[in-house]
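Structure assessment
Next come the chains, spelled out residue by residue.
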Amino acid sequence: MALTNLSPYSLRLSTLSSSSSFNQSSSQNYNFTHRHIPLSLRTRPRTGICCVWTRPRSKRGRKSEVLESKELVRVLMRSCSDKEPLVRTLNKYVKVVRSEHCFLLFEELGKSDKWLQCLEVFRWMQKQRWYIADTGIYSKLIAVMGKKGQTRLAMWLFSEMRNSGCRPDPSVYNALITAHLHTRDKAKALAKALGYFQKMKGMERCKPNIVTYNILLRACAQARNVDQVNALFKELDESILAPDIYTYNGVMDAYGKNGMIKEMESVLSRMKSNQCKPDIITFNLLIDSYGKRQAFDKMEQVFKSLMHSKEKPTLPTFNSMIINYGKARLQGKAEYVFQKMTAMKYTPSFITYECIITMYGYCDNVSRAREIFDELSKSGKDMKVSTLNAMLEAYCMNGLPMEADLLFENSHNMGVTPDSSTYKLLYKAYTKANMKELVQKLLKRMEQNGIVPNKRFFLEALETFSSSLAGSQSGSAKIDLTRSLSTAKS
């Protein structure tokens, strides 16, 4: 029922669609001219009650609209090329492209590493008559820029949003926090994110929501900052917000990474008592946490529970079990996991093969590790630098620096270009083995390839060496490393 003012000349009903922040307001006007109104009513206005019945769109109708939008975005993505800029393609479809299409386009461009074109699409949007500044669009753009490490652009978009008259909401700050957390300096990024979190608490329209807490809990878990995790979880517990599966996973992950098994199990019990069912992330982090502590009975029990649940194992499930069995030198069990995985029709990824190579390295079976590596090399697939690093590490952990050096020298013939992580791995290994000639050779190779070592590079190598050796030989090696460090500073 709607109470409406009737004039002798017209009756106007407006329906505003605000279900989505990405749909512009629309209205329908119904005009009644004089010939529809009796003469007795044309002299003075009267007030009456008008019943309005609107039939909501069916789920099938909404689903078809989403599919149509996705199909249009696929057409736009296929049409653009180096010869045909995206903006020119958008101009061809200007009559049908709207905000929701641009939103999906941002997602696709972000996935294909074409983040710069997102800004071109955004500028094109702003020139259209239908464009209305919207926090949802800015949130999406900030998130895309953040994932690509473009923190400055994310900050610029935040300023641009405020200048356009949009008032920030929790989703914008969540995107901004996530953008900062993608930067390389994790300690600085976390401090910045917590600063925004405190700022949000002082703003009425931007109070932290459950998504904010989940983002920060996950970041603190990755940083192994248990104290901050406890503080956030306690604060959340005292608020009106209800934790969800992502919250519990974040807290359990923090405890698991720090070997705090009892605390992790306590959170798991609390999660179950709140009728929150575990998802595959829960199962995977439990399997990994128990595996790292070599609590294999519990790890295997969790895996059995996973197999009897509605969830299905993923490749990380098997990868974690393989690598943790390998660290415990349980080669037979690790191989059984791989056989079970293939029997269940899972296709091993390059990460799976790297776990197997590392596993054989832990189990002193370097020859088998090299067989796996050679099979991958001959398969015709592009060799990843991380796979090369796995084989080099298998050699180094078994005291075979010369074999590692030989493989390293031959890496270019395999189509692999070593990166800074490769040099760091070998530098540590050669230093630990006190192979001065190999260290000097590696440093020359780094200089030739433009790899500039920083202070941290040498400090970590020095720490590794100091913890493994003692005596006069280690003293002379320390002097060599200190010289290398002073050279790097200069």
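Scroll up to find the structure this text is about.
Bear in mind that the values here come from a model prediction, so they are computed numbers and not experimental data.

Here the focus is the overall build of the chain. Each helix and strand in the chain was counted, giving 24 helices and two strands. A total of 490 residues make up the chain; the buried ones form 40% of that total. The contacts in the chain between residues at least 6 apart in sequence include a share of 60% that link residues at least 24 apart. When the accessible surface of the chain is split by element, carbon and sulfur atoms take 52% of a total near 28,700 Å².

Turning our attention to the packing of aromatic side chains. In total, this model carries eleven aromatic pairs according to the counting rule given. On the basis of an interplanar angle of 70° and a centroid distance of 6.0 Å, the ring pair of F303 and F318 is categorised as edge-to-face. Remark: F318 occurs in helix α15 (residues 315-327) and F303 occurs in helix α14 (residues 296-307); sequence separation between them is 15 residues. Relative accessible area serves as the criterion here: at 9%, F303 is assigned to the buried category. Taken together, F158, Y173 and Y196 form an aromatic cluster joined through their ring pairs. The residue whose ring lies beneath K384 is F350, and the NZ or CZ to ring-centre distance is 5.0 Å.

Here the focus is the packing of helix α13 (residues 280-292) against α14. Running from N to C, α13 and α14 point in directions that differ by 160°, and their axes come no closer than 8 Å. The angle between α13 and α14 places the two elements in the roughly antiparallel class. Our pair here, α13 against α14, has a crossing hand that is left-handed. Within the contact between the two elements, α13 uses I280, F283, L286, I287, Y290 and G291 and α14 uses F296, K298, M299, V302, F303, S305 and L306. Looking at side-chain class alone, the contact of α13 with α14 contains ten nonpolar, two polar and one charged residues.

To continue, consider the pattern of salt bridges. Scanning the model with the defined rule gives 16 salt bridges in all. Taking the shortest distance from any N to any O, the salt bridge between K441 and E409 comes out at 3.6 Å. One end of the pair, K441, is in helix α22 (residues 436-448); the other, E409, is in helix α20 (residues 401-409), and 32 residues separate them in sequence. K441 gets classed as partly exposed once you look at its relative accessible area, which sits at 36%. Through salt bridges with shared partners, one network takes in D405, E409, K441 and R445.

A separate point is the environment of M155. With respect to the element layout, M155 can be found in helix α6 (residues 151-163). The spacing of M155 and L176 is 21 residues in sequence and 7.5 Å in space, taken between C-alpha atoms. Once residues lying within four places of it in the same chain are set aside, the contact partners of M155 are L176, H180 and Y196.

Further remarks concern unusual backbone geometry. Here Q294, not a glycine, exhibits a phi torsion of approximately 55°, which is positive. Mapped onto the elements of the fold, Q294 is located in the loop between α13 and α14. Here the phi dihedral of K345 falls at roughly 70°; this positive angle occurs in a residue that is not glycine. Relative to the helices and strands, K345 is located in the loop between α16 (331-343) and α17 (350-362).

Attention shifts here to α13. With 13 residues, α13 should cover 18 Å at 1.5 Å per step; its first-to-last C-alpha distance of 18 Å lies within 8% of that length. Counting buried positions over the 13 residues of α13 gives ten, a clear majority of the element. Looking only at α13, the buried set comprises I280, T282, F283, N284, L285, L286, I287, S289, Y290 and G291. Where α13 begins, the capping side chain belongs to D279, and its oxygen is found 3.2 Å from the backbone nitrogen of I281. Where α13 terminates, the next one or two residues include Q294, which has phi positive at roughly 55°.

Moving on: a positive patch on the surface. Taken together, the side chains of R162, K188, K192 and K199 make up a positively charged region of the molecular surface. Ranked by residue count, the leading element in the positive patch is helix α8 (residues 186-201), at three residues. One can find K192 in helix α8.

Thresholds applied
Residues numbered from 1 in each chain as written. Predicted model: local features only at pLDDT ≥ 70, side-chain atom pairs only at ≥ 80, totals over all residues. Heavy atoms only, no water. Helix = DSSP H or I, 4+ residues; strand = E, 2+ residues; numbered from the N terminus. Buried < 20%, exposed > 50% of the residue type's maximum accessible area, 1.4 Å probe, protein only. Contact = heavy atoms within 4.5 Å. Areas by Shrake-Rupley, 256 points an atom, 1.4 Å probe, with all protein chains shown as cover. Phe/Tyr/Trp six-rings, centres within 6.5 Å; stacked < 30°, edge-to-face > 60°. Lys NZ or Arg CZ within 6 Å of the ring centre and 35° of its normal. Axes fitted to C-alpha atoms, helices over the stretch in contact; angles between N-to-C directions. Parallel < 35°, antiparallel > 145°, perpendicular 65-115°, else oblique. Left-handed = near helix turned anticlockwise from the far one by under 90°. Nonpolar A, V, L, I, M, F, W, Y, C, P; charged D, E, K, R; others polar. Salt bridge = Lys/Arg side-chain N within 4 Å of Asp/Glu carboxyl O. Expected span 1.5 Å × (residues − 1). Polar contact = N/O pair within 3.5 Å; in protein donor to acceptor, adjacent residues only side chain to side chain. Patch = residues over 30% accessible without salt bridge, like charges linked within 9 Å, V, L, I, M, F, W, Y side chains within 5 Å. Lys, Arg positive; Asp, Glu negative; His and termini not counted. Charge placed at Lys NZ, Arg CZ, Asp CG, Glu CD.

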